[in-house]
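# Architecture at a glance
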Amino acid sequence: MRTPQPDGGLDLDGRRGLRDVRRFSHEAMATVFEVHAVHPDAGYAAQAAHAAFDLADRLERELSRFLPNSDIGRINGLAAGECARVSPSTMECLVIARHLFDLTGGAFDVSIGTGLTSLDFDPGGFMVSARAGGVQLDLGGIGKGYAVDLMAELLEEWGLERALVHGGFSSVLVLDAPPGRRGWPLTLSDPCAPSTVLARLSARQTALGASGVRKGDHIIDPRTGVPARGRRAAWAAVPRPHAPGGEARAGERPRLAAAAVTDALATAFMLLSSDEIRRLCDRSPGLEAWILSEPGEGPDAGAPLLHVGGARRGRAGTARRR
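Now for a quick tour of the structure. (Residues numbered from 1 in each chain as written. Predicted model: local features only at pLDDT ≥ 70, side-chain atom pairs only at ≥ 80, totals over all residues. Heavy atoms only, no water.)

Attention shifts here to the overall build of the protein. Of regular secondary structure, the protein possesses six helices and 15 strands. Across the 322 residues in the protein, those meeting the buried criterion constitute 56%. A sequence separation of at least 24 residues applies to 66% of the contacts in the protein between residues at least 6 apart. Accessible surface, the protein: about 13,500 Å² in total, of which carbon and sulfur atoms supply 49%. (Helix = DSSP H or I, 4+ residues; strand = E, 2+ residues; numbered from the N terminus. Buried < 20%, exposed > 50% of the residue type's maximum accessible area, 1.4 Å probe, protein only. Contact = heavy atoms within 4.5 Å. Areas by Shrake-Rupley, 256 points an atom, 1.4 Å probe, with all protein chains shown as cover.)

Here is the structure:
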């Protein structure tokens, strides 16, 4: 199993110092998922981790646009007036994606500008209807985070409460910290110079998302069709909700999927202005953003790392600088 390379510069700090932490890896969704967990029984921990990986595989079969018979593949084939029934988890992920589209003014758009608003979602009946043809969904900017959310909930059901789950380190969710630590040690680094650590965090019960340009012009502004410019990386963090929820059922509201949210927001933060990000953080208690501009570009280029938000909500679950 290859070691995942953090595309957005988010990584686990001091791996060798986490002696009591067991690590399990699995490839899915074109990345490497990992579970880092503390449990006295290695065999039991391995069973729990593999149950979580089986869940990630199932979600990939539903959410991948590359599989013609996946839920997303069938939605992408809809003509005007047609509809498709999807799984509860696919519907929940789509509802979260639509909420983030509205929250970011279209900067996060799983249709990449092909018409997300022409799709109607019926969460109670798990139906997606198209008012126009040609909509092409790609959940690559939120699907891994959503999988991380569900995987972490499954680990809790197995009793692995001191754990970290990530999908390629672009989507990270930390539960309770390892023994003797206040939080999981994480670093934010320049994706173009991974040895350059910009910030060290200690986090528990927190989701973090990362987005960067190490792979080139793969982040497109859906509002303009132009690749992201002026930013090297962006990170988002939010405290995890107090009570995780089970899989969506008819008539229920979707879970507050923290890793899905930060996965999407990190992408949006590569495109939104610093003022727009500040306003979003101001009206979203607990939301934090870190922005790394390209040298000499953008209004924040003079600062090596812009950090905004992070108003405390009386919880120990926020990310803290170390």
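Spatially, eight strands are ordered β2-β3-β7-β8-β11-β12-β13-β14 in an open sheet, and the strand pairing comes out antiparallel. Here the strands that pair on one side only, and so sit at the sheet edges, are β2 (22–28) and β14 (306–309). Direction aside, the axes of adjacent strands within the sheet are offset by 15° on average. Where strand β8 (residues 171–174) meets strand β11 (residues 206–212), four bridges bridge the pair, whose relative direction is antiparallel. Across the sheet, the residue bridging to S171 is G209, located in β11. (Pairing = 2+ DSSP bridges. Axes fitted to C-alpha atoms, helices over the stretch in contact; angles between N-to-C directions.)

This part is about the side chain of D221. Topologically, D221 is positioned in the loop between β11 and β12 (231–239). Setting aside anything within four residues of it in sequence, one finds D221 in contact with V226 and L271.

Our next topic: the pattern of salt bridges. The final tally for this structure, using the stated rule, is 13 salt bridges. A salt bridge links D102 to R98; the nearest nitrogen and oxygen atoms lie 3.3 Å apart. Remark: R98 and D102 occur in helix α3 (residues 88–103); sequence separation between them is four residues, near one turn of the helix. On the basis of relative accessibility, which here comes to 25%, the residue R98 falls in the partly exposed class. Between D221 and R223 there is a salt bridge, with the nearest N and O atoms lying 2.9 Å from each other. A network of salt bridges, in which partner residues are shared, links D190, R232 and E294. (Salt bridge = Lys/Arg side-chain N within 4 Å of Asp/Glu carboxyl O.)

This paragraph deals with the pairing of strand β6 (residues 127–130). In terms of strand pairing, strand β4 (residues 83–85) meets β6 through three bridges, oriented antiparallel. Pairing of R85 across the sheet is with M127, part of β6. Sheet analysis places strand β5 (residues 119–122) next to β6, joined by four bridges and oriented antiparallel. In the sheet register, F121 faces β6, and the bridge partner there is V128.

Another point: the packing of aromatic side chains. How two aromatic rings sit relative to each other is set out by the distance from centre to centre and by the angle between their planes. Applying the stated criterion across every chain, the model contains one aromatic pair. Judged by centre distance (5.3 Å) and plane angle (55°), the rings of Y44 and W158 are tilted. Here W158 lies in the loop between α4 (143–157) and β7 (163–167) and Y44 lies in helix α1 (residues 42–63), a separation of 114 residues in the sequence. Overall, W158 belongs to the partly exposed group, its relative accessible area being 25%. (Phe/Tyr/Trp six-rings, centres within 6.5 Å; stacked < 30°, edge-to-face > 60°.)

To continue, consider α4. In a regular helix each residue adds 1.5 Å, so 15 residues correspond to 21 Å; α4 covers 21 Å between its end C-alpha atoms and thus fits that length. The first or second residue beyond α4 is G159, which carries a positive phi of 90°. (Expected span 1.5 Å × (residues − 1).)

Judged by nonpolar contacts, the single largest core of 80 residues is most densely connected at I75, L137, I142, Y146 and F269. Looking at this core element by element, the count peaks at eleven residues for α1. Ignoring sequence-local partners within four residues, the contact set of I142 consists of C93, I96, A97, L100, F108, V110, A260, D263 and A264. Membership of the second largest hydrophobic core comes to 23 residues, among which are L188, L208, A210 and W290. (Core = buried A, V, L, I, M, F, W, Y, C linked by side-chain atoms within 4.5 Å.)

What follows concerns the environment of P222. Mapped onto the secondary structure, P222 falls in the loop between β11 and β12. In the structure, P222 is positioned 112 residues away from V110 in sequence and 8.8 Å away in space, judged by C-alpha atoms. With residues up to four places along the chain from it excluded, the contact list for P222 reads G106, A107, D109, I112, G113 and L271.

This brings us to the pairing of β7. With five of five residues buried, β7 lies mostly within the body of the structure. Both faces of β7 are covered, namely the face carrying A163, V165 and G167 and the face carrying L164 and H166. In this sheet, β7 lies alongside strand β3 (residues 31–37) in antiparallel orientation, the contact comprising five bridges. Following the sheet pairing, H36 is matched in β7 by L164. As paired strands, β7 and β8 are joined by four bridges and run antiparallel to one another.

A separate point is the sheet that holds β5. Taken together, three strands build an open sheet; the order of strands is β4-β6-β5 and the sheet is antiparallel. Pairing within the sheet leaves two strands with one partner each, and these edge strands are β4 and β5. The average undirected angle you get between the axes of adjacent strands in this sheet is 15°.

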